[in-house]
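One letter stands for each residue in the lines below.
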Number of protein chains: 2
Amino acid sequence: MCNACLIEDVKRSMLSRRALFTGAAATTAAAVTAGLTTARPALAQSAGRVVDLTHAYDSDFPTFDGNPGILYEPAVKFEDSGYQLWKLTIWEHTGTHIDAPLHFAADGRSVAELPPESLVCPLCVIDLKAKAAEDANAMVEPEDIEAWISANGEIPAGACVAMNSGWADKVATPAFRTNAEGTFAFPGFSKAATDLLADAGAACIGVDTMSLDPGDSADFAVHYSWLPSGRYGIEGLAGLDGVPAKGATIFVGAPKHKLGTGGPARVMAVV
Amino acid sequence: MCNACLIEDVKRSMLSRRALFTGAAATTAAAVTAGLTTARPALAQSAGRVVDLTHAYDSDFPTFDGNPGILYEPAVKFEDSGYQLWKLTIWEHTGTHIDAPLHFAADGRSVAELPPESLVCPLCVIDLKAKAAEDANAMVEPEDIEAWISANGEIPAGACVAMNSGWADKVATPAFRTNAEGTFAFPGFSKAATDLLADAGAACIGVDTMSLDPGDSADFAVHYSWLPSGRYGIEGLAGLDGVPAKGATIFVGAPKHKLGTGGPARVMAVV
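Residues numbered from 1 in each chain as written. Chains lettered and ligands numbered in written order. Predicted model: local features only at pLDDT ≥ 70, side-chain atom pairs only at ≥ 80, totals over all residues. Heavy atoms only, no water.

Labelled according to an unreviewed UniProt entry, chain A appears under the name Kynurenine formamidase, originating from Gemmobacter megaterium.

This is the structure in structure tokens:
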């Protein structure tokens with residue numbers, strides 16, 4: 001089957017399977033609209049310092065299933081042709097990357113369908129480092145959001161709310177994925193916290209770990225509620241120590257391949 | 001050979017071939033520094049309207065060699081696992097994408113090595129639509145740059161200078177690549193124009209066609225001078241009719257895979 005045919009077939013198949021969707025949150029047009037189209041980038045206060053929130057990655061970058069997330073094969077070699085390029089094999093959810101609604105909802109938005117205005121957002125950073133140092137599976141809980149609000153004011157509409165657990169510093173070590181027993185162990189969001197953020201009108205959540213849910217999650221409750229609600233997530237953020245808790249603008253360079261469930265992204269902040 | 005070993009081997013091989021490089025422009029540390037590290041995003045004047053400059057793409061997107069630039073294969077299926085993702089095969093130079101120096105210089109910067117501050121730039125748009133309507137292989141020439149300067153003032157340091165030839169509207173037709181005779185035919189930059197832009201301290205050039213050089217180029221003079229100078233390009237821009245000639249800030253979401261010669265990017269402007 002040709003590739004375009006395959007894609008169209010899969011799309012039709014996905015749409016026809018709407019009835020099978022068993023996610024925890026209903027996809028309502030109102031929720032999608034509230035979360036993704038009211039963002040207004042707060043650029044007017046910017047001094048113009050660019051902070052890269054993206055890991056450089058290759059086949060060694062840690063992935064959920066432990067297999068390489070990208071493979072390289074020379075497609076054109078410099079010595080043969082005077083220029084060069086790679087043929088890459090990429091499993092979408094590797095490196096610093098997007099989780100689009102379609103990743104966890106058969107009829108969700110693809111990464112190419114995210115509204116552009118939802119990709120330029122006020123950035124709110126929740127510092128979870130102290131909790132995560134005590135418990136590798138620590139979660140951002142509603143009280144952490146409330147503490148942020150007490151210190152910084154309301155969550156702006158259309159915000160990206162990112163967890164800084166300190167995990168980005170472990171990216172080159174096995175401790176990024178697992179504890180000493182080899183069991184998944186890393187911080188994430190609790191569903192109660194992301195429900196609160198959805199009510200507040202946030203467009204996006206971000207983590208400096210491999211998953212929106214913590215490592216010991218049995219049910220991927222955040223993936224199965226936040227994404228099917230039409231919102232997106234960013235996994236594997238870097239550099240969050242370089243941005244303030246409040247006041248930066250995040251640019252989310254989400255890939256734009258049609259029907260993508262997500263994919264490696266370039267994410268930067270302007271402070 | 002393992003993938004990481006392959007990459008390291010290629011990198012060593014590239015570095016050892018520096019003497020073989022026959023590009024037209026010398027790579028000097030001064031030029032690289034001038035072009036890529038003086039950019040200061042002009043965000044303070046922004047009103048916050050986001051304009052997407054990226055085509056959504058799939059296997060049908062036109063490519064230089066005429067083969068699909070991306071292939072999709074299901075890696076995890078929703079009906080089997082309750083979530084889904086693709087295994088993608090991507091030839092780096094497809095869709096709206098970056099040309100990094102490494103694409104045309106064996107020892108050039110990879111896309112992962114572009115300084116983040118060079119990816120948030122003042123955007124200057126040269127309207128070439130009238131010339132391109134007369135001649136499919138029209139070029140941005142020094143007089144077009146000079147006319148832009150007369151109307152808008154100096155090219156800002158670290159700018160991205162983009163050609164709007166009207167070609168983005170042809171992307172779904174054969175005329176995006178070739179004329180009625182089946183010969184490559186599309187507008188691009190002249191080397192004289194990009195030499196002028198390098199002197200002016202621009203960080204980046206962008207085109208709404210498949211190539212920085214025009215379709216009838218015999219020598220890829222712009223690729224072989226601009227890229228080896230340490231600067232980068234963007235090919236396949238969309239949406240340039242939606243941004244002003246001057247005053248927007250472009251956010252270049254370049255991919256960040258190590259040793260990349262470029263790759264599909266998310267490019268947006270804030271006006």
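The structure having been displayed, the exposition proceeds.
Caption draft 1: Fine view of the overall build of chain A. Within chain A, the secondary structure is distributed over 7 helices and 13 strands. Residue pairs in contact within chain A that sit at least 24 positions apart in sequence constitute 73% of those at least 6 positions apart. When the accessible surface of chain A is split by element, carbon and sulfur atoms take 53% of a total near 9,900 Å². (Helix = DSSP H or I, 4+ residues; strand = E, 2+ residues; numbered from the N terminus. Contact = heavy atoms within 4.5 Å. Areas by Shrake-Rupley, 256 points an atom, 1.4 Å probe, with all protein chains shown as cover.)

Caption draft 2: Seen up close, the sheet that holds strand E3 (residues 85-91) of chain B. Read across the sheet, 4 strands follow the order E2(A)-E3(A)-E3(B)-E2(B) without closing on themselves; strand pairing throughout is antiparallel. The sheet is open, and its two borders are formed by strand E2 (70-76) of chain A together with strand E2 (70-76) of chain B, each paired with just one other strand. Neighbouring strand axes in the sheet, compared pairwise and without regard to direction, differ in orientation by 15° on average. (Pairing = 2+ DSSP bridges. Axes fitted to C-alpha atoms, helices over the stretch in contact; angles between N-to-C directions.)

Caption draft 3: Structural detail: the sheet that holds strand E1 (residues 50-52) of chain A. Residue and element names in this part refer to chain A. Strand order in this open sheet of 9 strands is E1-E13-E11-E5-E7-E9-E10-E4-E12, and the pairing throughout is mixed. Of all strands in the sheet, those with a lone pairing partner are E1 and strand E12 (262-264), marking the two edges. For this sheet, the mean angle separating the axes of adjacent strands, direction not counted, is 25°. Relative to strand E7 (residues 160-164), strand E5 (residues 120-127) runs parallel, the two being bridged by 5 bridges. Its bridge partner lying in E7, Val125 is registered against Ala162.

Caption draft 4: Focus on unusual backbone geometry. Residue and element names in this part refer to chain B. Phi at Phe220 is positive, roughly 50°, even though this residue is not glycine. By relative accessible area, Phe220 is classed as partly exposed at 27%. Its identity is not glycine, yet Leu259 carries a phi of approximately 65°, on the positive side. Looking at where Leu259 falls in the secondary structure, it is placed in the loop between strand E11 (248-253) and strand E12 (262-264). Judged by relative accessible area, which is 11%, Leu259 ranks as buried. (Buried < 20%, exposed > 50% of the residue type's maximum accessible area, 1.4 Å probe, protein only.)

Caption draft 5: Structural context of the relation of the copies chain A and chain B. Superposing chain A onto chain B takes a rotation of 180° combined with a translation of 0.0 Å along the rotation axis, leaving an RMSD of 0.0 Å. Such values leave the two copies arranged in the relation of a two-fold axis. Both copies present the same face, since 99% of the interface residues in chain A are matched by interface residues at the equivalent positions in chain B. (Least-squares fit on C-alpha atoms with pLDDT ≥ 70 in both.)

Caption draft 6: Structural detail: the packing of aromatic side chains. Counted under the stated rule, the structure contains 20 aromatic pairs over all chains. Seen from their ring centres, A:Tyr57 and A:Phe61 are 6.4 Å apart, and the 80° between their planes marks the pair as edge-to-face. Exposure class is identical for A:Tyr57 and A:Phe61. Each is buried. Ring centres of A:Phe104 and B:Tyr83 lie 5.4 Å apart, and the angle between their planes is 15°; on these two criteria the pair is classed as stacked. Of this pair, A:Phe104 sits in the loop between strand E4 (97-99) and E5 while B:Tyr83 is found in the loop between helix H3 (78-81) and E3, placing the two residues in two different chains. Residue B:Tyr83 is classed as partly exposed on the basis of its relative accessible area, which comes to 27%. Ring-pair connections join several aromatic residues into one group, and the members of that group are A:Phe64, A:Phe104, A:Phe184, A:Phe186, A:Phe220, A:Tyr224 and B:Tyr83. In this structure, A:Lys170 packs its charged tip against the face of A:Trp167, placed 4.4 Å from the ring centre. (Phe/Tyr/Trp six-rings, centres within 6.5 Å; stacked < 30°, edge-to-face > 60°. Lys NZ or Arg CZ within 6 Å of the ring centre and 35° of its normal.)

Caption draft 7: Molecular detail of the interface of chain A and chain B. Contacts between the two partners involve 70 residues from chain A, matched on the other side by 69 residues from chain B. Contact with chain B buries area across many residues of chain A, yet A:Trp86, A:Lys256 and A:Arg266 alone supply 13% of it, more than any other trio. One salt bridge in this structure joins A:Asp52 and B:Lys256, with 2.7 Å as the shortest N-O distance. One can count 26 residue pairs in polar contact (both at pLDDT 80 or more) joining chain A with chain B. When contributions to the side of chain A that touches chain B are tallied by element, the ones reaching two or more residues are helix H1 (3-16), E1, E2, helix H3 (78-81), strand E3 (85-91), strand E11 (248-253) and strand E13 (266-270) of chain A. Per element, the largest residue contribution to the side of chain A that touches chain B is 7 residues, and it comes from E3(A). Within the side of chain A that touches chain B, the residues separate by chemical class into 42 nonpolar, 16 polar and 12 charged. Examined bridge by bridge, E3(A) and E3(B) share 5 bridges and lie antiparallel to one another. Bridging from a neighbouring strand, A:Ile90 pairs with B:Leu88 of E3(B). (Buried area = accessible area lost by both parts, 1.4 Å probe. Salt bridge = Lys/Arg side-chain N within 4 Å of Asp/Glu carboxyl O. Polar contact = N/O pair within 3.5 Å; in protein donor to acceptor, adjacent residues only side chain to side chain. Nonpolar A, V, L, I, M, F, W, Y, C, P; charged D, E, K, R; others polar.)

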